[in-house]
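One-letter residues, chain by chain:
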Amino acid sequence: MNIRIGYGWDSHAFKPGVPLKIGGLAIEHPEGLAGHSDGDVLLHAITDALLGAVSAGDIGSFFPPGDPRWKDADSSIFLNLALEEIRNAGYRILNLDTTLVLAAPKIGPIAAELRERVAELLGVKPFDVGIKAKTPEGLNADHVAQAHAVVLLEKAEDTLGLQSMTAVIENQKQLEDVVKDLVSQVHGVEPRAVIKPVYDTEDIT
């Protein structure tokens, strides 16, 4: 199995007067996270983990913080680009594990909802997403939110090749049916069934 691991980390300070958004989920809280975009610290860490797993750079390489186009942008845009990068590289997500480090709000009561939302954005099952939270005890970072993310990718199967093979087999079957119908019309009889050889697998080396 061809697998790759990616790690991402991000942090944002809390700021009054802005909405709080974590993991694509709007959360009721007196303060939000300051940032050039919507400040979604969790999606930023996940984006960097995905990009790093396929050696595609980091979030700043694609979305520079000084670019006015990304002012107050929804961080799901960044995540979608990272997903496109891993698809182009031929990989798919096996699972994701994350840890939020913040004093407030409490993540436990909304952890299941966060898992659902992140899984939806990534196109995976909630079972494949881990959401954990810790307080910044001893870090002197009570006014900051941090996020760590680790993602495991595997090489995607050649589904396009399998689809092409299936199409060829189906076309061949349709061609055989057409030939049988023509034979029947010309001779006025049902065509003889084609007897295909049966091989003993024990004789095949």
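The shown structure was predicted, so the numbers you read here are calculated from the model rather than taken from an experiment.

(A) Region of interest: a nonpolar patch on the surface. Taken together, the side chains of Ile5, Tyr7, Trp9 and Val150 present a nonpolar region at the surface, about 420 Å² in accessible area. The element contributing the most residues to the nonpolar patch is strand 1 (residues 3–16), with 3 residues. Inspection of the secondary structure puts tyrosine 7 in strand 1.

(B) Summary view of helix 1 (residues 41–53). The end-to-end C-alpha distance of helix 1, which contains 13 residues, comes to 19 Å, matching closely the 18 Å that a straight helix rising 1.5 Å per residue would cover. Within helix 1, the full set of buried residues consists of Val41, Leu42, Leu43, His44, Ala45, Ile46, Thr47, Asp48, Ala49, Leu50, Leu51 and Ala53. Downstream of helix 1 by one or two residues, serine 55 has phi in the positive range, about 55 degrees.

(C) Molecular detail of the pattern of salt bridges. Scanning the model with the defined rule gives 6 salt bridges in all. Note that arginine 69 is salt-bridged to aspartate 67, the shortest N-O span being 2.8 Å. Its relative accessible area of 60% is what places arginine 69 among the exposed residues. Residue arginine 92 is joined to glutamate 154 by a salt bridge in which the shortest nitrogen-to-oxygen separation is 2.2 Å. Of the two residues, arginine 92 sits in strand 5 (residues 91–101) while glutamate 154 sits in strand 7 (residues 144–155), which places them 62 residues apart along the sequence. Owing to a relative accessible area of 42%, arginine 92 belongs among the partly exposed residues under this scheme. Classification of glutamate 154 as buried rests on a relative accessible area of 11%.

How each quantity is defined
- Residues numbered from 1 in each chain as written.
- Predicted model: local features only at pLDDT ≥ 70, side-chain atom pairs only at ≥ 80, totals over all residues.
- Heavy atoms only, no water.
- Patch = residues over 30% accessible without salt bridge, like charges linked within 9 Å, V, L, I, M, F, W, Y side chains within 5 Å.
- Areas by Shrake-Rupley, 256 points an atom, 1.4 Å probe, with all protein chains shown as cover.
- Salt bridge = Lys/Arg side-chain N within 4 Å of Asp/Glu carboxyl O.
- Helix = DSSP H or I, 4+ residues; strand = E, 2+ residues; numbered from the N terminus.
- Expected span 1.5 Å × (residues − 1).
- Buried < 20%, exposed > 50% of the residue type's maximum accessible area, 1.4 Å probe, protein only.

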